[in-house]
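# Observations on the three-dimensional arrangement
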Amino acid sequence: MKISLLLEMAADAAPDRVALVCNGQRWTYAELLDTARRAATLIRESGVKYVSLLDESSEAAVIALFGAAIAGVPYCPLNYRLADADLSALLGRISPALIVGDSKRVARIAAAQGHRACSREQFVALSREAAASSEDESSDEDASVAVQLFTSGTTAAPKAAILRHANLLGYILNSVEFAAAGEDEASLVVVPPYHIAGISALMSSIYAGRRIVLLPAFSPAEWLSLIEAEKVTNAFVVPTMLTRIIDAMEAGTRADISSLRAIAYGGGKMPLEVIRKALALFPSVDFTNAYGLTETSSTIALLGPEDHRTAFASDDPAVQARLGSLGKPLPSVEIEIRGEDGAVLPPHETGEIYVRGEQVSGEYREKSALNEQGWFATRDAGYMDEGGYLFLSGRADDVIVRGGENISPGEIEEVLLAHPAIADACACAVPSIEWGEAIGVAVVVKQGHDTPGETELKELIRGRLRSSRVPDIIAFLDALPYNEMGKLLRREVKAMLSG
Amino acid sequence: MLKPGSRLKSATCDTEVMVIRCDADAIECGGVPMGEARPADPVAMDPAHAAGTLTGKRYINSDGTCELLCVKAGRGSLSIGGHALAVKEAKPLPASD
């Protein structure tokens, strides 16, 4: 079975219901399926090895995703924000491809690679003219590749992560109830189409029967006004978006967002202060923190609305702390924390997060990263509390090894962020002749506050943690570098502090 | 034993299912064994197995060794060796993406 099953089921059960709203245009489930089936013919006839998208979100992303699936060709959306040289290198790895979107750019930077490129409008128009493709009933279809995504490469060159139909179907079928959404429900999707959350949002909304409202480029004002105009009930945001929405509302941006019932967030660490503010600002909204990776077909753990309210209202520090956790594993996945020797660690001991389940691909174009028992080592460091709540400490590669002692950047950052004048903080390893690695921190001072002294910050860390956590270098920056998904670019901070 | 992920079609109605897991060798719909292809002419349905199926519901046998997902609804109902399968209760998760 292939992921196109999701759209087939939705179109079978509610053909005339609105599935997608984008740039004022409305598409029903039946229209989307029909166009995807025609796109599959276009894709098959063009003889390409991949279907790619080099564009912001639009109906073309949905048609390309499912059209590629029906045609049996991997879908590989690319980050249009990449520099020419980086993008050209990625395009070279998926040649020949049918590329939907910025065809002029493809002609300019990848002319000799043998691609076929067309604009979003051309792709939709050509698809509509093509013959409807019949179902492809190849025997090994669930093992074939549905989606290939290049990892963002915050630590190294991009890897080609592959997700098979069985992985993505496993994720949706195990975590979403078919047609569970009422006809009034709508989900605002603002995550870029080349991100796993942008792909899973399309699939889970279609399977749930929840109308998708696409916002191609995020701004707080647009986000708020679309909620009002489309009576949006559900939304997913990355932490930086939520911060900007709160700032805009506090600065006086008004919209009627009374339709909003649930906000899910993920893609980066949510500062405790931001989620506390959001809970106070939207008391009737259900908040869900979702944790997942590209290699796991999106969410593997979540902190649900009840957990948020319980933690927000609790006097017990252990329960309060769960507001900063990733919640519990989905019922369909197993998660373990393991030490360097591979042994499973007891509660509160930090190790590497391992995950196993149908939705976990853990596979790259070059090789599978699953071990013999099917576990995927995420390279994320974390721990579990006695209640089974998962906490993220950072990337395993970001752990600072000072004189043989493992130090998680997160513990230092949390202490710094508790200082009333600090808006943002990043701790990372800097080279040290004495210790091998020492600690460097970059901090951002809140507007309207005086810059705290270095001694004051060092004493704060010494007092709250211990002397081995005290940084050697403190830099004050105007802002920390983030990618567009709100992921802190630690290697850039590290380069700055090491230079 | 039926292969997980395989698709079976009813001989008596429109019902189609996807196998999640199943240690039985055959599943009936409308009282008649299902197959990979639909017969050219529909087979008569056993009125004892005509309660219907619903798209998106999971069907399970009493000991949980067999679980199916209905991907297309029909008038027949599902059984193994004449024993009716029941709808599996879903535990809803909050939307996360």
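This one's a predicted model, so the numbers in the text were calculated from it and none came from an experiment. (Residues numbered from 1 in each chain as written. Chains lettered and ligands numbered in written order. Predicted model: local features only at pLDDT ≥ 70, side-chain atom pairs only at ≥ 80, totals over all residues. Heavy atoms only, no water.)

### Structural notes on the overall build of chain A
Quick reminder of the rule: Starting at the N terminus, helices and strands are each numbered in turn, a helix being any DSSP run of H or I of at least four residues and a strand any DSSP run of E of at least two. Two residues form a contact once any of their heavy atoms are found within 4.5 Å. Here, Shrake-Rupley sampling with a 1.4 Å probe gives the accessible areas, and only protein chains in the shown set may cover a residue. Charged-residue counts in this description rest on Lys and Arg as positive and Asp and Glu as negative, His and the chain ends being excluded. Note on charges: their place is set at NZ of Lys, CZ of Arg, CG of Asp or CD of Glu.
A count of helical and extended segments in chain A gives 16 helices and 24 strands. Taking the principal axes of its C-alpha atoms as reference, chain A extends roughly 70 × 50 × 45 Å. Sequence-distant contacts in chain A: of pairs separated by 6 or more residues, those separated by 24 or more amount to 67%. Carbon and sulfur atoms provide 49% of the accessible area of chain A, an area that totals close to 20100 Å². Side-chain charges of chain A comprise 46 positive and 67 negative groups, with the mean position of each set lying 3 Å from the other.

### As for unusual backbone geometry
Residues and elements named next belong to chain A. Note the following rule: We call a residue buried when its accessible area falls under 20% of the maximum for its residue type, exposed when it is over 50%, and partly exposed in between, using a 1.4 Å probe and counting protein chains only.
A cis amide bond links Ser-95 to the next residue, Pro-96, at an omega of -5°. Phi at Asn-23 takes a positive value of approximately 50°, unusual for a residue other than glycine. Its location among the elements puts Asn-23 in the loop between β1 (18–22) and β2 (25–28). Taking the relative accessible area as the measure of exposure, Asn-23 reaches 57% and is therefore exposed. Phi is positive for His-348, close to 70°, though the residue is something other than glycine. The exposure class of His-348 is partly exposed, given its relative accessible area of 46%.

### Side note on the nonpolar core
Residues and elements named next belong to chain A. Counted only if it meets this: Take the buried Ala, Val, Leu, Ile, Met, Phe, Trp, Tyr and Cys residues and link them wherever side-chain atoms come within 4.5 Å; each set so joined is a nonpolar core.
Tyr-75 and Phe-123 are the most contacted members of the largest nonpolar core, which has 84 residues in total. Counting residues per element, this core draws most heavily on helix α3 (residues 59–71), at 11 residues. Sequence-distant contacts of Phe-123, defined by excluding residues within four places in its chain, comprise Ala-39, Leu-42, Ala-60, Ile-63, Ala-64, Leu-98, Val-100 and Cys-118.

### Description of the confidence of the model for chain B
The test is simple: Within a predicted model, pLDDT stands for the predictor's per-residue confidence, ranging from 0 to 100.
Per-residue confidence for chain B averages 95 on the pLDDT scale, and 100% of its residues sit at or above 70. Interface confidence for the predicted complex, expressed as ipTM, amounts to 0.94; the pTM equals 0.90.

### What about the pairing of strand β5 (residues 97–101) of chain A?
Residues and elements named next belong to chain A. What counts, and what does not: In this analysis, strands are considered paired if DSSP registers two or more bridges between them.
Across the five residues of β5, five count as buried, placing the element largely inside the fold. In this structure, strand β3 (residues 50–54) lies alongside β5, joined through five bridges in parallel fashion. Its bridge partner lying in β5, Tyr-50 is registered against Ala-97. With three bridges joining them, β5 and strand β6 (residues 116–118) adopt parallel strand pairing.

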